[in-house]
Amino acid sequence: MGPDELVARIRESTRGRFWERVGIETVSAEPGRVVNRVRLAEHHFNSNDVVHGGVISTLIDSAAGSAVRTLRTDAEIRERPHATSDLHVSYLAPARGAELVAEARVAKMGRTAVFVQVEVRDDGGRLVALGMATLVMGGRREVSG
């Protein structure tokens, strides 16, 4: 599957879901690597006029999950969905500006767990947060229809 097809697949899976409500979109994708961004609006900022930490952690989680999705087929995901079991975020600098961009890379993929590293930068290219996510593949489930 090519990069454009991967982006389209990720966008389709999130249409009408939480990420779309937050304003997160996938910019680019290749196997094991995804770039997601959020264009910032007033509701993304806290009372200190910096991006709320929850927006940043959500962006990290979205990019990590999407990076894992690039390495699994739709059938594999339906049979054994993946989900975040651990998310660690280090906030390095106050985030401001017009958008944030998260680049996620799969560091290691095992049979039941995947480890993903994520960097978040502001629109000036400044590193504002680092994330490390562990995603696990659920047990087998019956797939209907």
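Everything below is about the structure shown above.
Residue positions are counted from 1 within each chain, in the order its sequence is given. This being a predicted model, a pLDDT of at least 70 is required before a residue's local features are given, and a value of 80 or more before pairs of side-chain atoms are given or counted; all residues contribute to the totals for chains, interfaces and linings. By convention in this description, side-chain values take in all heavy atoms of the structure and omit both hydrogens and water.

### Some remarks on the overall build of the protein chain
Scanning the protein chain from N- to C-terminus turns up four helices and six strands. Here a strand is any run of E in DSSP of at least two residues, a helix any run of H or I of at least four, and the numbering for each starts at the N terminus. Seen in sequence order, the protein chain has helices and strands lined up from the N terminus as α-α-β-β-α-α-β-β-β-β. Computed over C-alpha atoms, the radius of gyration of the protein chain comes to 15 Å, within 12% of the 15 Å expected from 2.2 N^0.38 for 145 residues, which places it in the range of a compact globule. Taken along its principal axes, the extent of the C-alpha atoms in the protein chain is 50 × 25 × 25 Å. Buried, partly exposed and exposed residues are distinguished by accessible area as a fraction of the type maximum, computed with a 1.4 Å probe on protein chains only: under 20%, between the cut-offs, and over 50%, respectively. Across the 145 residues of the protein chain, 41% fall into the buried class. Note that accessible areas follow from Shrake-Rupley with a 1.4 Å probe, and for residues the cover is restricted to the protein chains shown. When the accessible surface of the protein chain is split by element, carbon and sulfur atoms take 48% of a total near 8,000 Å². His is not counted here, nor are the chain ends, while Lys and Arg score as positive and Asp and Glu score as negative. By convention, the charge on Lys lies at NZ, on Arg at CZ, on Asp at CG and on Glu at CD. Taken as two groups, the 20 positive and 19 negative side-chain charges of the protein chain have centres that lie 4 Å from each other. Two things to know: the radius of gyration comes from C-alpha atoms, and the globule rule equals 2.2 Å times the number of residues to the power 0.38.

### A word on the pattern of salt bridges
One side-chain nitrogen of Lys or Arg within 4 Å of one carboxyl oxygen of Asp or Glu is enough to make a salt bridge. Under the definition given, this model contains nine salt bridges. Between Glu30 and Arg33 there is a salt bridge, and its shortest N-O distance comes to 3.7 Å. Judged by relative accessible area, Glu30 falls into the partly exposed class, the value being 36%. In this structure, a network of salt bridges that share partners links the residues Glu25, Arg37, Arg39 and Glu99.

### Structural notes on the sheet that holds strand S3 (residues 82–91)
DSSP calls a pair of strands paired once it identifies at least 2 bridges connecting them. Read from one edge to the other, the open sheet built from six strands follows the order S1-S2-S4-S5-S6-S3, with strand pairing classed as antiparallel. In the strand order of this sheet, the two ends are held by strand S1 (24–30) and S3, each with one partner. Shown here is a sheet whose adjacent strand axes are inclined to one another by a mean of 20 degrees, direction ignored. Note that strand S4 (residues 99–109) and strand S5 (residues 113–122) share nine bridges and pair antiparallel. If you follow Val106 over to S5, its bridge partner there is Val116. Two residues qualify as a contact provided that any one of their heavy atoms is within 4.5 Å of a heavy atom in the partner residue. All axes are obtained by fitting lines to C-alpha atoms, using only the stretch in contact for helices, and the reported angles, taken between N-to-C directions, cover 0 to 180 degrees. Helix-sheet contacts for helix H1 (residues 3–14) involve S1 and strand S2 (33–39), and the interaxial angle to S1 is about 150 degrees. Across the sheet, helix H3 (residues 53–69) is in contact with S1, S2, S3, S4, S5 and strand S6 (127–137); its angle to S3 comes to roughly 135 degrees.

### Section: the pairing of S4
Taken residue by residue, a regular strand's side chains alternate between the two faces of the sheet. Two strands pair when backbone bridges link them, and S2 and S4 are joined in this way by seven bridges, in the antiparallel orientation. Of the residues in S4, the one forming a bridge with Arg33 is Arg105. Joining the antiparallel neighbours S4 and S5 is a turn of three residues.

### Looking at the side chain of Ser57
Positionally, Ser57 belongs in helix H3. Look at Ser57 and you get buried, because its relative accessible area is 18%. The residues contacting Ser57, other than those within four sequence positions of it, are Leu87, Val89 and Tyr91.

### Looking at H1
The α-helix advances 3.6 residues per turn, and as a result positions three or four apart in sequence lie on the same side. Here the expected length of a helix is defined as 1.5 Å per residue gap, with one fewer gap than residues. Along its 12 residues, H1 runs 17 Å from first to last C-alpha, staying within 8% of the 16 Å computed at 1.5 Å per residue. Buried within H1 are the following residues: Leu6, Val7, Arg9, Ile10 and Thr14. Seen end-on, H1 carries its buried residues on one side only, within an arc spanning 160 degrees. Facing away from the buried side of H1 by over 90 degrees, the exposed positions are Asp4 and Glu5. Two residues or fewer past H1, Gly16 is found with a positive phi of approximately 75 degrees. Read the arc as the range of directions from the helix axis to the C-beta atoms.

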